[in-house]
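# Coordinate analysis (summary)
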Amino acid sequence: MPFRDFVEINPKVELKRGLEYPFIEMAIVTPGRRYIRTDEKRVYSGGGSKFSPRDILFARITPCLENGKICQFIDENNQNGFGSTEFFIFRAKPGISDPAFVYYLVSTETIRKPAEKSMSGASGRQRADLSSIQDIMIDVYPLPIQRKIAAILSAYDDLIENNTRRIKILEEMAQAIYREWFVHFRFPGHEGVRMVESELGLIPEGWEVSKIDKVCSRIASGGTPTRNNENYWTPGTITWYKTKELQDSFLFDSEEKISNDGLTNSSAKIFPKDSIVIALYASPTLGRLGILTQDSTFNQAMCGLIANEKLINNYYLFFSLLNNRAYFQRIALGAAQQNINVTKLRSMPIIIPNKELIDEFQKIIDTIYLDIKNLLMKNINLRRTRDLLLPKLISGEL
């Protein structure tokens, strides 16, 4: 059966101008994560893609399509929504296709590869041609079989979703502790501590204000080996990150890797496990963070930092940078490209609490972030297993 007969493509959705509806922008779609929800609402004025709950949003623009930005819209209030114009919308046809099965079908190369090959347009803004996938012939299973296949794969996605919610709660807990202790100064024993003036306003007596440069044992930007020399990238054995891979969390593996030759013949630098990396260039990534889980390198749009353990620790540094993202936006250079440089980063003011409180904070955050790390690793394994099963189940091999 042609794909166009199996699903509704860009179906009609009724939205009223001037009213607010859930809005999905491309930036919040996470490759490999099935469900998409949003708390953001915008007034509908007539533009954008329109969709209903359980519809599939399929990115049609580079590099979002190649990265796998495909999701299923969910809304607890069963409200229609709208979003980026760069989505194709697919909807299951009653009696013919199951919504979950449609999501998994369009996630396979059966649909994605022809869409990618059809891309045309200006460099960096190429878009897939809808006609390239409308007439793709697909094997059609009876609805009970579709639902059974979808149920197997959904079990993995439901676990991933549950783990992701737990991760968010744990992250919010850790951030709340940081803000309570080091922003609002309601740390254990604060009642007996006098507040004194500093360049950042009132701070507890005995604390001081310094610069990032003074509390780090190492700060350095990265680099990119030239792509004109294949030996710098093949065989790639050293993890090398780009800013888009930063998600304010642990970094487990990079999309690309460089060789030892690439490391030697570029300004890329190895930073050890547990180092903090921060994006220096351009919104929306400016100020975004990552925590290395292995010795790694990164491009020149990022900077690595290692805390001086005699003064602070890496988690305190991480939350200080996270809490000061607005500061980076204020000092960003350039009108078109909102960037900061390493010099500006080095001069960022930071409060240094007493070492006993830093150590107590470290003990609490270590426990929380160990749970977060374990849950993230579980999700990686769940995605890997799901992605191995996906083509085999859809094709009928299993």
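Our subject in this report is the structure included herewith. (Residues numbered from 1 in each chain as written. Predicted model: local features only at pLDDT ≥ 70, side-chain atom pairs only at ≥ 80, totals over all residues. Heavy atoms only, no water.)

### Some remarks on the overall build of the protein chain
A tally of regular secondary structure across the protein chain gives 11 helices and 21 strands. Expressed along its principal axes, the backbone C-alpha trace of the protein chain runs to roughly 75 × 55 × 45 Å. Counting over 398 residues, the protein chain shows a buried share of 50%. Within the protein chain, residue pairs in contact and separated by at least 24 positions form 73% of the contacts whose partners lie at least 6 positions apart. (Helix = DSSP H or I, 4+ residues; strand = E, 2+ residues; numbered from the N terminus. Buried < 20%, exposed > 50% of the residue type's maximum accessible area, 1.4 Å probe, protein only. Contact = heavy atoms within 4.5 Å.)

### Structural notes on the pattern of salt bridges
In the structure shown here, the tally under the stated rule is 26 salt bridges. Here R4 ties to D135 by a salt bridge, and the two come within 2.9 Å at their closest N and O atoms. Residue R4 is found in helix 1 (residues 3-6), and its partner D135 is found in the loop between helix 4 (131-134) and helix 5 (143-182); the two are separated by 131 residues along the sequence. In the salt-bridge network here, residues are joined through shared partners; they are R227, K242, K244, E245, E255 and E256. (Salt bridge = Lys/Arg side-chain N within 4 Å of Asp/Glu carboxyl O.)

### Some words on helix 8 (residues 314-323)
Here helix 8 lies mainly inside the structure; 9 of its 10 residues are buried. By the burial criterion, the buried members of helix 8 are N314, Y315, Y316, L317, F318, F319, S320, L321 and L322. Among the residues of helix 8, the N-terminal cap falls to N313, whose side-chain oxygen and the backbone nitrogen of Y315 are separated by 3.2 Å. (Polar contact = N/O pair within 3.5 Å; in protein donor to acceptor, adjacent residues only side chain to side chain.)

### Observations regarding the nonpolar core
Residues L321 and Y369 are the most contacted members of the largest nonpolar core, which totals 54 residues. At 9 residues, the largest contribution of residues to this core is made by helix 11 (residues 355-395). Ignoring anything within four residues of it in the chain, the contact list for L321 reads I212, I276, I278, L289, L305, F328, L345 and M348. In this structure, V102, Y103, I149 and L393 belong to the second largest nonpolar core, which totals 33 residues. (Core = buried A, V, L, I, M, F, W, Y, C linked by side-chain atoms within 4.5 Å.)

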